[in-house]
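Here are the chains, one letter per residue:
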2 protein chains.
Amino acid sequence: MNAALLVAYDGTHFAGWQVQENAFTVQQALEDALFAVFGFRARVTGSGRTDAGVHAAGQVCSLSFPEGIAIAPERIADALNTRLPPAVRVLKSVRAPEGLDACRAAKRKTYRYNVYVSPREHPLLERFSVRVPQLPELATLRACAALLEGEHDFAAFSSTGSSAQTTVRTLYSVRAEQGEALGVPVLQMDFCGNGFLYNMVRILAGVLLDAGCGKLPLEAVRAALAGGGRELLGKTMPAAGLTLLSVDYGFGLFA
Amino acid sequence: MNAALLVAYDGTHFAGWQVQENAFTVQQALEDALFAVFGFRARVTGSGRTDAGVHAAGQVCSLSFPEGIAIAPERIADALNTRLPPAVRVLKSVRAPEGLDACRAAKRKTYRYNVYVSPREHPLLERFSVRVPQLPELATLRACAALLEGEHDFAAFSSTGSSAQTTVRTLYSVRAEQGEALGVPVLQMDFCGNGFLYNMVRILAGVLLDAGCGKLPLEAVRAALAGGGRELLGKTMPAAGLTLLSVDYGFGLFA
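Computed from a predicted model, the values in this text were never measured in an experiment. (Residues numbered from 1 in each chain as written. Chains lettered and ligands numbered in written order. Predicted model: local features only at pLDDT ≥ 70, side-chain atom pairs only at ≥ 80, totals over all residues. Heavy atoms only, no water.)

**Observations concerning the interface of chain A and chain B**
Listed as interface residues are 28 residues of chain A and, on the opposing side, 28 residues of chain B. Summed over both partners, the interface of chain A with chain B buries about 2000 Å², with 61% contributed by carbon and sulfur atoms. Looking only at chain A, the three residues that lose the most surface to chain B are A:R120, A:P123 and A:L124, adding up to 34% of its buried area. At the boundary of chain A and chain B, one finds four salt bridges. Note that A:E121 is salt-bridged to B:R89, the shortest N-O span being 3.4 Å. Connecting chain A to chain B are six residue pairs in polar contact (both at pLDDT 80 or more). Of all elements in the fold, only strand 1 (2–9), strand 3 (55–64), helix 2 (76–81), strand 4 (88–95) and strand 10 (242–248) of chain A reach the threshold of two or more residues within the side of chain A that touches chain B. Take the side of chain A that touches chain B: its biggest share by element is five residues, from strand 4 of chain A. For the side of chain A that touches chain B, a count of residues per class yields 15 nonpolar, four polar and nine charged. (Contact = heavy atoms within 4.5 Å. Buried area = accessible area lost by both parts, 1.4 Å probe. Salt bridge = Lys/Arg side-chain N within 4 Å of Asp/Glu carboxyl O. Polar contact = N/O pair within 3.5 Å; in protein donor to acceptor, adjacent residues only side chain to side chain. Helix = DSSP H or I, 4+ residues; strand = E, 2+ residues; numbered from the N terminus. Nonpolar A, V, L, I, M, F, W, Y, C, P; charged D, E, K, R; others polar.)

**Overview of the relation of the copies chain A and chain B**
Once chain A is rotated about the relating axis by 180° and shifted along it by 0.0 Å, it coincides with chain B to within an RMSD of 0.0 Å. Such values leave the two copies arranged in the relation of a two-fold axis. For chain A, the minimum C-alpha distance to the rotation axis belongs to A:R127 and amounts to 4.9 Å. Here 100% of the interface residues in chain A have copies in chain B that are interface residues too; the copies meet face to matching face. (Least-squares fit on C-alpha atoms with pLDDT ≥ 70 in both.)

**Structural notes on helix 4 (residues 200–212) of chain A**
The α-helix winds at 3.6 residues per turn, so residues separated by three or four positions along the chain end up facing the same way. Residues and elements named next belong to chain A. Here helix 4 is 13 residues long and its end C-alpha atoms lie 18 Å apart, about the 18 Å a rise of 1.5 Å per residue gives. For helix 4, the tally of buried residues reaches 12 of 13 residues, placing the bulk of the element in the interior. Within helix 4, burial applies to M200, V201, R202, I203, L204, A205, G206, V207, L208, L209, A211 and G212. Backbone geometry just downstream of helix 4 places G214 in the positive-phi region, at approximately 75°. (Expected span 1.5 Å × (residues − 1). Buried < 20%, exposed > 50% of the residue type's maximum accessible area, 1.4 Å probe, protein only.)

**As for unusual backbone geometry**
Residue and element names in this part refer to chain A. Of note in the backbone geometry, N22 takes a positive phi value of approximately 60° without being a glycine. Mapping N22 onto the fold places it in the loop between strand 1 and helix 1 (26–38). Even without glycine at this site, L182 takes up a positive phi of about 55°. Looking at the secondary structure, you find L182 in the loop between strand 8 (168–181) and strand 9 (184–193).

**Observations regarding the environment of A:P136**
Residues and elements named next belong to chain A. Tracing the chain through its elements places P136 in the loop between strand 6 (130–132) and helix 3 (138–148). Owing to a relative accessible area of 3%, P136 belongs among the buried residues under this scheme. Distance in space between the C-alpha atoms of P136 and L209 is 6.1 Å, their sequence separation being 73 residues.

**Structural notes on helix 5 (residues 218–225) of chain A**
All names here are of chain A. Within the sequence span of helix 5, burial applies to A220, V221, A224 and L225. End-on view of helix 5: buried residues confined to an arc of 140°, all on one side of the axis. The elements touched by buried residues of helix 5 are helix 3, strand 7 (150–153) and helix 4. Positive phi shows up at G227, right after helix 5, with a value of about 105°. (Arc of directions from axis to C-beta.)

**A few points about the pattern of salt bridges**
Residues and elements named next belong to chain B. One pass over the structure, following the stated rule, counts 18 salt bridges over all chains. Note that R43 and E31 form a salt bridge whose closest N and O atoms lie 2.8 Å from each other. With a gap of 12 residues between them, R43 in the loop between helix 1 (26–38) and strand 2 (45–46) and E31 in helix 1 connect regions that are remote in the sequence. Judged by its relative accessible area of 7%, E31 falls in the buried class.

**Brief notes about the side chain of A:D10**
Position of A:D10 relative to the elements: it lies in the loop between strand 1 and helix 1. At 2.5 Å, the side chain of A:D10 and the side chain of A:T12 are in polar contact. Not counting the four nearest positions on each side in its chain, A:D10 is found in contact with A:H55, A:A87, A:R127, A:F128, B:P123 and B:L124.

**Observations concerning the pairing of strand 9 (residues 184–193) of chain B**
Residues and elements named next belong to chain B. Counting buried residues in strand 9 gives eight out of 10 residues, a clear majority hidden from the surface. Of the pairings in the sheet, the one linking strand 5 (residues 108–117) to strand 9 comprises eight bridges and is antiparallel in character. Counterpart to Y113 in the pairing with strand 9 is M189. Of the strand pairs in this sheet, strand 8 (residues 168–181) and strand 9 are connected by 10 bridges, and their pairing is antiparallel. (Pairing = 2+ DSSP bridges.)

**Quick notes on the side chain of B:R202**
All names here are of chain B. The topology assignment puts R202 in helix 4 (residues 200–212). Only 3.4 Å separates the side chain of R202 from the side chain of D51, close enough to count as a polar contact. Of note is the side chain of R202, whose polar atom sits 2.7 Å from the backbone oxygen of M237. Ignoring anything within four residues of it in the chain, the contact list for R202 reads D51, Y113, K235, T236, M237, P238, A239 and L242.

**A few points about the confidence of the model for chain A**
Scored by pLDDT, chain A comes out at a mean of 96, with 99% of its residues at no less than 70. Here the prediction assigns the complex a pTM of 0.95, and the interface score ipTM is 0.94. (pLDDT = per-residue confidence, 0-100.)

**Brief notes about the state of the cysteines**
Overall, the coordinates contain zero disulfides over all chains when judged by the stated rule. Not part of a disulfide, B:C192 finds its nearest cysteine sulfur in B:C103, a span of 17 Å. (Disulfide = S-S within 2.5 Å.)

Dropping the structure here:
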């Protein structure tokens, strides 16, 4: 049986998604829980890796259950949750179409980057968002977002170390909303695309903030999209502000 | 010099506000930081105690600086933050009127109780809110909130162990708002009053939820307000969902 899991995690204390030597990862936690509950070892394939410290509200992964294991697919979630650390929870489990690979089949992903504006750290906001000293100008930030939407070569928007074969990606939408949390001004930036390069969302978030604060001219963003280099853009924002919101497969996998 | 501090803390790993033997508290953390930075020991007086696990976005405390310590009041915040654990931050510091006692002078306090609705725990929501299995009916919940507003004897709405001399309190407002966070339905309940008995907000939150889910008739709430006992009402909700939002002194202490 092929199964798919909808997984949420607080990435604060994980060394990211992917299994690695000498560090605890979310994939490892899921594979360990699978073994503890069902007694078999299997690879849990995520829709993609998330870096150390990055969170997820809607990571999707697929895995293959051996013939001998009899469990209703919708009950896998509760079974795994009995053995997962509290920072990881399977929100839903379903039978997936045979051969569905959560990584290769992913059509689009949506990430959210959260910031809050404060002269000092706020302990209730610090865990899932990143502090910035200044409120960006929303109209300018959105003008920059509009430049980024569409199909582009995002080579300048990724860190070295990416193994991607092409750096062309499509951003379907880049949306920014201001609000307040606990009396503090906050900003959410949502990025929906067909795929993201290494550190791409964290670089995009920095670009939007710098543009909104007048530190990065839109001309530099245009130049970066037109084949310019990483050095045209600002810094990569910290992992804590980033959450993988959802992965879309073109049909209602968990509906 | 008399100073006032605006303090936020993630209460998850604290044994509450008040200094006690053999447990680490927020008051202790502040008094230790004061000693580490300025070299004197002083009592930091909070607007009130918060229980173990309860959070604060706007706790207020007052303290007296000895004559010999020369520091601009607005710089105390950054100085203390260098020695506080990350879960506690002084957001603002100001010179306070001579003799102002943050506890006795408090005119009204606002607490927020957060819940989210999910069949399973959500790691990104679990830290500052409490999971409930069912969405309450908002109109009924608000009808119950309207009953609670005003001056009443809230004896039935407190846990034993309260040392209060009178159990009469005024609730200026009880407000409930539904929304969503990360695709999950959430409910915020805000309680503004002139003072709260031991566990009163956590009991009030449970009463509103039970009323909204049809588990507690409004008649029982009326009876509890009219001199009935604690046994008429449901359980005390967990600490993690509760945050002290703000304390009002009748003038702009931090303005």
